[in-house]
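Residue-level listing of the chains:
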Amino acid sequence: MNNLLLCLFIAHLLADFCFQPQNWCSDKQIKGFRSRLLYIHAGIVFTASWIASLSWSFAPFALVLAMLHLSIDGLKSIAERRFAKNARQAQKYSLWIFSLDQIVHLSVICLVTWIYSNYYSLSDLLINIPCKYLYITAAYIVCLKPSNIIIRYIFDSYALMPKESLPNDELAKAGRLIGNLERLITLTLVLAGEFSAIGFIIAAKAIVRFQAIRKSEYVLIGTLLSFGIAILMGVLITLI
């Protein structure tokens, strides 16, 4: 059951984050169940879940996952539009709505996995992938786009904005790329037990970024969140 659960979790990360552009999220938030992108997204969830299960018999269960995912996202868009009437409230509750949305998604995945395991012999249907490699794969995926989104929601929720004007799109994209790279490197170093090298990277980045721009508090919070997520992933995998 652990193998299937981890495979479906990885499929969820890919479908809900990596394979879903930001404009899809915006369209779903505005149109809700009227958004055609919501149904395309559900189709991606179905495909990713079915492939991740490594079993033909999981197809109806993958369909159930996709339909429930569609319903949850549609209801989430309704909740977001309700708070969007007040921009400050929308920002304040965005992190909580996002967190609740992900908790419900993961709960559904756990429930479907449990039901499926009661009807089929998982040892006969799944490729025997060691859980260790699945944990590591999931951690690396979390350190990419999911971490960018989590950090953005935290900033929105606490209204953490720099005093100066925000950087242009190209600088923002560069910042996300730097964040992805630093988390991947940090996670790799944690798994390798090279904690001293992590301190060197944090110090080097702090010096460069603080000399380059004056939004020191804003950058410091983002840096701590970024490295914190990567270190947390590494520590969790090590403990597991």
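A brief structural summary. (Residues numbered from 1 in each chain as written. Predicted model: local features only at pLDDT ≥ 70, side-chain atom pairs only at ≥ 80, totals over all residues. Heavy atoms only, no water.)

## Some thoughts on the overall build of the chain
Here is the rule we go by: Only DSSP runs of H or I covering at least 4 residues are called helices, and only runs of E covering at least 2 are called strands; the numbering of each starts at the N terminus. With a 1.4 Å probe rolled over the protein chains alone, any residue whose accessible area is under 20% of its type maximum counts as buried; one over 50% counts as exposed, and the rest are partly exposed. Contact criterion: two residues are considered in contact whenever any of their non-hydrogen atoms come within 4.5 Å of each other.
Counting secondary structure elements, the chain contains 11 helices and zero strands. For the chain, the sequential pattern of α-helices and β-strands runs α-α-α-α-α-α-α-α-α-α-α. Every one of the 240 residues in the chain was classed for burial, and the buried ones make up 39%. Considering only contacts within the chain whose residues lie at least 6 apart along the sequence, 80% involve residues at least 24 apart.

## Side note on helix H1 (residues 2–18)
Under the convention used in this document: Between the first and last residue of a helix there are one fewer steps than residues, each counted as 1.5 Å, and that sum is the expected span.
With 17 residues, H1 ought to run about 24 Å at 1.5 Å a step, and its terminal C-alpha atoms sit 23 Å apart, in line with that. H1 sits mainly inside the fold: 12 of its 17 residues count as buried. Those residues of H1 that sit buried are Asn 3, Leu 4, Leu 6, Cys 7, Leu 8, Ile 10, Ala 11, His 12, Leu 13, Ala 15, Asp 16 and Phe 17.

## Things to note about the packing of aromatic side chains
Rules: Centre distance within 6.5 Å is the pairing criterion for rings of Phe, Tyr and Trp, where only the six-membered ring of Trp is used; planes under 30 degrees apart are then read as stacked, over 60 as edge-to-face, and the remainder as tilted. Geometrically, a lysine NZ or arginine CZ counts as sitting over a ring once it is within 6 Å of the ring centre and also within 35 degrees of the ring normal.
What the rule picks out here adds up to seven aromatic pairs. With a centroid separation of 6.2 Å and an interplanar angle of 75°, the aromatic rings of Phe 17 and Phe 98 are classed as edge-to-face. Taken together, the residues span a long stretch of sequence, with Phe 17 in helix H1 and Phe 98 in helix H5 (residues 87–119) at a distance of 81 residues. For the pair shown, Phe 17 and Phe 98 are each scored as buried. Look at Phe 61 and Tyr 116: their rings are 5.0 Å apart centre to centre, the planes differ by 80°, and that puts the pair in the edge-to-face class. Residue Phe 61 is located in helix H4 (residues 59–83), and its partner Tyr 116 is located in helix H5; the two are separated by 55 residues in the primary sequence. Given a relative accessible area of 17%, Phe 61 falls into the buried group. By relative accessible area, Tyr 116 is classed as buried at 1%. An aromatic cluster is built from Phe 17, Phe 98 and Tyr 153, whose rings are joined through pairwise contacts. For the cation-ring pair, Arg 152 lies above Tyr 153, with the distance from its terminal atom to the ring centre recorded as 5.0 Å.

## Quick look at the pattern of salt bridges
The line we're drawing: Each salt bridge in this description consists of a side-chain nitrogen of Lys or Arg and a carboxyl oxygen of Asp or Glu lying within 4 Å of one another.
On inspection of all chains with the given rule, the structure shows four salt bridges. Between Glu 80 and Lys 76 there is a salt bridge, and its shortest N-O distance comes to 3.8 Å. Of the two residues, Glu 80 and Lys 76 are both situated in helix H4; the distance of four residues between them amounts to about one turn of the helix. There is no split in this pair, since Glu 80 and Lys 76 are both buried. Note that Asp 101 and Lys 76 form a salt bridge whose closest N and O atoms lie 3.9 Å from each other. Here Lys 76 lies in helix H4 and Asp 101 lies in helix H5, a separation of 25 residues in the sequence. Asp 101 sits in the buried class, given a relative accessible area of 5%. For Lys 76, a relative accessible area of 17% corresponds to the buried category. Here the salt bridges share partners, and the residues they tie into one network are Lys 76, Glu 80 and Asp 101.

## Some thoughts on empty space enclosed by the protein
Under the convention used in this document: We place a 1 Å grid over just the protein atoms. Points where a 1.4 Å probe fits but has no way out form a cavity, open points with protein on both sides within 12 Å along at least 5 of 7 lines form a pocket, and any residue with an atom within 4 Å of a point lines it. Grid points are joined across faces, edges and corners, and a volume is the space filled by probe spheres set on the points.
The tally for this structure, following the rule as stated, stands at one cavity of 30 Å³ or more. In this model, the largest cavity occupies a volume close to 100 Å³. Lining the largest cavity are 13 residues, with His 12, Val 45, Leu 65, His 69 and Ile 109 positioned closest to its centre. Going through the elements one at a time, H1, helix H3 (36–53), H4 and H5 are the ones with two or more residues in the lining of the largest cavity.

## Looking at the nonpolar core
The following threshold applies: For this analysis, a nonpolar core means a set of buried residues of the types Ala, Val, Leu, Ile, Met, Phe, Trp, Tyr and Cys, connected via side-chain atoms within 4.5 Å.
By size, the foremost hydrophobic cluster in this structure holds 29 residues, and its most contacted members are Leu 13 and Met 233. Sorting the residues of this core by element identifies H1, H3, H5, helix H7 (131–142), helix H8 (145–157) and helix H11 (216–239) as the ones contributing at least two each. By residue number, the principal contributor to this core is H1, which donates seven residues. Residues in contact with Leu 13, not counting those within four places in the same chain, are Cys 18, Ala 138, Ile 141, Val 142 and Pro 146.

## What to know about unusual backbone geometry
In this model, Leu 54 sits at a positive phi of 60°, which is unusual for a non-glycine residue. As for its position among the elements, Leu 54 is in the loop between H3 and H4.

## As for H7
Counted only if it meets this: This arc describes the spread of directions from the helix axis toward the C-beta atoms.
If you check H7, its first and last C-alpha atoms are 16 Å apart, about what 12 residues at 1.5 Å a residue would give, namely 16 Å. If you check which residues of H7 are buried, you get Leu 134, Ala 138, Ala 139, Ile 141 and Val 142. For H7, the arc enclosing every buried residue in end-on projection is 160°, short of the 170-degree limit, so these residues lie on one face.

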